[in-house]
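# Summary of structural features
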Amino acid sequence: MSADKKPLLEVKHLKKYFHVGKNQTLKAVRDISLDIYKGETLGLVGESGCGKSTFGRTVIQLYEPTEGTVVYDGQVINNSLSQADRHRFTRKMQMIFQDPYASLNPRMKVMDIIAEGMDAHGIFKGQERKKKVIELLETVGLSEEHANRFPHEFSGGQRQRVGIARALAVDPEFIICDEPISALDVSIQAQVINLLKELQKRRNLTYLFIAHDLSMVKYISDRIGVMYLGSMVELADSETLFDDPVHPYTQALLSAIPIPDPDVEKNRNRIMLEGSLPDPIRLTQGCLFAGRCPYAEELCSKNTPEMKEVRPGHFAACHRVQ
Amino acid sequence: MSRLLEVNQLRVQIETQHGTVLAVRGVSFHLDEQETLAIVGESGSGKSISVKSIMGLLPKNGKIVEGSILLEGKDLVKYSERQMQSVRGSDISMIFQDPMTSLNPTMTIGKQIVEVLKEHRKDMSKAQMKERALELISLVGISNPEARFDQYPHQLSGGMRQRVVIAVALACDPRILIADEPTTALDVTIQAQILDLMRDLQKKIKTSIIIITHNLGVVANIADRVAVMYGGQLVETADVRDLFYETAHPYTKGLLASIPKASEKGSELTAIPGTPPDLMEPPKGCPFAARCTKTMEVCRQYPPEDMLCGENHHVRCWLLDERAKALRE
């Protein structure tokens, strides 16, 4: 990303802690800072429990941040926002959820599901509302006849299209896609991804794309951030991240993706990680990856590495990186 | 390699509130000794129902209406539930997607392994059983077996649990291990560990494996042969290299085209339009006809026959018929 681009969203030292009883704290998001530029797709990857969904939900203020700020288009987004400002903000930022079965109200017609955001913001009423819903249905590849049906009458892929139409209803600029294709079959995933890409081009949308399917993330993202146990360990444009990862965790993660090509797959060298994710509640100091890292030294278990710029636009948090 | 399992013309129906689902519609495949067969397909394609039929684990509303399942010549379809019980766990074992739901949360992992031995290996003494259980725990790559023996499933991570599930499944040296999406619930670094383990174990204890998955990367990693299911039927069966490099069926081609390849960033993914057929009223002709880019009139009217397009390479597609040569490209 070139330096002259102005960020649409600035996340500064964002932290989200959850109290899990007995004076224990789960640090789901530990001090993450990043910028998202207008019109780009930032992919966020990591294994289950790494905090990528919590990060997305905290950015959009579904969770109140424990510390840190989110600045959207120059405006600080927090609890002290006036009602009017908050309304303006919620129109600009929308979310698409993972499970198209759980994220649509089964008792509402598709028409009302899609229009719910418009109703809440008091935009488009009566005939105009209907017209807008039909227009949205067509945008996502459904048709007018679907408007009066209930979610159970749709397949998974179609439901996800309804979820996308709902997110688009208030003309947002920024959409958080939280695992939007993981619940779908392979042949349907490509349909939804193509739709998201096309919408981005047509409406100049900015995406934060959260997923664990790395090949799909690489395909759709301009830049990718890798998370491990609540921290960002590496951030780079997607080509660089895949071709030249510097963090040992990113290297291991990339080498673990099975590639759909038998000859390639039979001749690959995998970096096998020992063990599995440690208990995130107990971790306190040092590099969080030290326990599984093949290169860990004494320093790693003592000091927490900071994000350093390896080369322009390529950041990594590892003591080995100079 | 000798033939271990042979499934012939299997038809399975499932009765539901809304009608009868023709979940498996005339499926035939086989499994040789020490081979790994991957069955690929989307949800609802009939892959899980097919292997559950082999295990005799169909849901109550499911029924095998036709076909045979021969395990070394003996037809399992004709077996009583009692007879199937002695087959399950000792001749054929199965591991499932979610390791947490296939383990008993109130039982130590050691006891869960011993339980299987008690059922099938009445000749073993208690001490022998414990010894065997410890051996199995270390076989699946869990360190410190003595300590793990007395732990409960909740004390283990997801990957460890799946290792325990594999240990339970292998307790009686089964001839066939059926794995239904064994790595789908796991993270990618753990998935790599489990796939490695399965390949290692196959070499060590010489079982045959049937793995069900929707992940073509996993297929490329572990399979010797692949069977692709669509709409309750097998559309293509081939050795793994043939399936990826000499792909013949339009559905398989579509699947491979819809996953992003490293080299083609930015270009549009080739999605398969439409959705899979409703198996309550399956199409009369080819199940893929409605979504295929090369559909001919015959495809909608008559189901394609099993055709051979290379050694071990079976395809059900009218395009392979002599008369459709011009359309094949």
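Residues numbered from 1 in each chain as written. Chains lettered and ligands numbered in written order. Predicted model: local features only at pLDDT ≥ 70, side-chain atom pairs only at ≥ 80, totals over all residues.

## Topic: the overall build of chain A
- When you go through chain A residue by residue, the secondary structure sums to eleven helices and twelve strands.
- The globule rule puts the C-alpha radius of gyration for 322 residues at 20 Å, and the 21 Å found for chain A is close to it.
- Overall, chain A is about 70 × 55 × 45 Å in size when its C-alpha atoms are taken along their principal axes.
- Relative to its full complement of 322 residues, chain A shows a buried share of 44%.
- Sequence separation of 24 or more characterises 64% of the internal contacts of chain A that already satisfy a separation of 6 or more. (Helix = DSSP H or I, 4+ residues; strand = E, 2+ residues; numbered from the N terminus. Rg over C-alpha atoms; globule rule 2.2 N^0.38 Å. Buried ≥ 20, exposed ≤ 12 C-beta atoms within 10 Å, placed from the backbone. Contact = placed C-beta atoms within 7 Å.)

## A word on helix H1 (residues 52-59) of chain A
Residue and element names in this part refer to chain A.
- Counting buried residues along H1, seven of its eight residues qualify, which places the element largely inside the surrounding structure.
- Within the span of H1, buried status applies to Lys 52, Ser 53, Thr 54, Phe 55, Gly 56, Thr 58 and Val 59.
- Gln 61 sits one or two residues past H1 and shows a positive phi near 70°.

## Examining the pairing of strand S3 (residues 36-40) of chain B
Residues and elements named next belong to chain B.
- The element S3 is largely enclosed, with a buried count of five among its five residues.
- Alternating positions in S3 separate into two faces, Thr 36, Ala 38 and Val 40 on one and Leu 37 and Ile 39 on the other, with burial throughout.
- Bridge count between S3 and strand S8 (residues 208-213): five bridges; the pairing is parallel. Counterpart to Leu 37 in the pairing with S8 is Ile 210.
- In the sheet, S3 pairs with strand S9 (residues 225-230) via four bridges, with the strands oriented parallel. Bridge pairing links Val 40 to Val 228 in S9. (Pairing = 2+ DSSP bridges.)

## Structural notes on the packing of helix H7 (residues 158-170) of chain B against helix H8 (residues 188-205) of chain B
Residues and elements named next belong to chain B.
- Between H7 and H8, whose axes approach to 10 Å, the crossing angle comes to 20°. Put simply, H7 runs roughly parallel to H8. H8 is crossed by H7, and the crossing has right-handed handedness. The segment H7 lies against H8, with Gly 158, Gly 159, Gln 162, Arg 163, Ile 166 and Leu 170 engaging Ile 190, Gln 193, Ile 194, Leu 197, Leu 201 and Ile 205. (Axes fitted to C-alpha atoms, helices over the stretch in contact; angles between N-to-C directions. Parallel < 35°, antiparallel > 145°, perpendicular 65-115°, else oblique. Left-handed = near helix turned anticlockwise from the far one by under 90°.)

## Looking at the environment of A:Phe124
Residues and elements named next belong to chain A.
- For Phe 124, the location among the structural elements is in the loop between helix H3 (110-121) and helix H4 (126-139).
- Take Phe 124: there are 18 C-beta atoms within 10 Å of it, and that puts it in the partly exposed class.
- For the pair formed by Phe 124 and Ala 169, sequence separation is 45 residues and the distance between their alpha carbons is 10.0 Å.
- In this structure Phe 124 touches Met 118, Arg 129 and Lys 132, once residues within four positions along its chain are discounted.

## Quick word on the nonpolar core
- Of all hydrophobic cores here, the largest spans 185 residues; its most connected members are A:Phe209, B:Ile113, B:Ala167 and B:Val226.
- Counting residues per element, this core draws most heavily on H7(B), which supplies eight residues.
- Each of domain 1 (1-91 + 178-262) and domain 2 (99-173) of chain B gives at least three residues to this core.
- Apart from residues lying up to four places away in sequence, A:Phe209 is in contact with A:Thr41, A:Leu42, A:Gly43, A:Leu44, A:Cys177, A:Val217, A:Ile220 and A:Ser221. (Core = buried A, V, L, I, M, F, W, Y, C linked by C-beta atoms within 7 Å. Domains from an automatic or database assignment.)

## Some points on the environment of B:Glu281
- Inspection of the secondary structure puts B:Glu281 in the loop between helix H11 (250-257) and helix H12 (297-301).
- For B:Glu281, a count of 11 C-beta atoms within 10 Å gives the class exposed.

## Some thoughts on the sheet that holds strand S5 (residues 75-77) of chain A
Residues and elements named next belong to chain A.
- Overall, antiparallel pairing links the four strands, which are arranged S2-S1-S4-S5 in an open sheet. Each edge of the open sheet carries a strand with a single partner, namely strand S2 (25-37) and S5. Averaged over all pairs of adjacent strands, the angle between their axes in this sheet comes to 25°, without regard to strand direction.
- As paired strands, strand S1 (residues 7-19) and strand S4 (residues 67-72) are joined by five bridges and run antiparallel to one another. Each bridged residue has a counterpart across the sheet, and for Lys 15 the counterpart in S4 is Glu 67.

## Quick notes on the sheet that holds strand S3 (residues 41-45) of chain A
Residues and elements named next belong to chain A.
- As summarised here, the arrangement of the eight strands in space is S6-S7-S8-S3-S9-S10-S12-S11, forming an open sheet in which the pairing is mixed. The outermost strands of the open sheet, each flanked by one partner alone, are strand S6 (93-96) and strand S11 (308-311). Strand-to-strand, the axes of this sheet are offset by a mean angle of 20°, without reference to chain direction.
- Across four bridges, the pairing between S3 and strand S8 (residues 206-210) is parallel. In the sheet register, Gly 43 faces S8, and the bridge partner there is Phe 209.

## With respect to the confidence of the model for chain B
Residues and elements named next belong to chain B.
- Counting all residues, the mean pLDDT for chain B is 91, and 97% of those residues have values of 70 or more.
- Mean pLDDT in chain B bottoms out at helix H3 (residues 99-102), which sits at 83, and peaks at strand S10 (residues 233-239), which reaches 97.
- Confidence estimates for the predicted assembly give a pTM of 0.87 and an ipTM of 0.82. (pLDDT = per-residue confidence, 0-100.)

## Focus on the domain arrangement of chain B
Residues and elements named next belong to chain B.
- Examined at the domain level, chain B breaks down into domain 1 (1-91 + 178-262) and domain 2 (99-173).
- The distance between the C-alpha centroids of domain 1 and domain 2 comes to 25 Å.
- Taken together, the contact pairs eleven residues of domain 1 with 13 residues of domain 2.
- Its residues placed into classes, the side of domain 1 that touches domain 2 shows eight nonpolar, three polar and no charged. (Nonpolar A, V, L, I, M, F, W, Y, C, P; charged D, E, K, R; others polar.)

## A short note on the packing of helix H5 (residues 156-168) of chain A against helix H6 (residues 186-203) of chain A
All names here are of chain A.
- For the pair H5 and H6, the least separation of the axes is 10 Å and the interaxial angle reads 15°. It follows that H5 is roughly parallel to H6 by the angle criterion. Between H5 and H6 the crossing geometry is right-handed. Listed contacts from H6 to Gly 156, Gly 157, Gln 160 and Ile 164 of H5 are Ile 188, Gln 191, Val 192 and Leu 195.

## As for H4(A)
Residues and elements named next belong to chain A.
- With 14 residues, H4 extends 20 Å between its outermost C-alpha atoms, agreeing within 8% with the 20 Å of an ideal straight helix rising 1.5 Å per residue.
- For H4, the complete set of buried residues consists of Val 133, Leu 136 and Leu 137. Down the axis of H4, the buried set is contained in an arc of 100°. They therefore lie on one face. Every exposed residue of H4 that faces more than 90 degrees away from the buried side is listed here: Gln 127, Glu 128 and Lys 131.
- Where H4 is buried, its residues contact H3 and H5.
- Just downstream of H4 lies Gly 141, where phi reads positive at about 85°. (Expected span 1.5 Å × (residues − 1). Arc of directions from axis to C-beta.)

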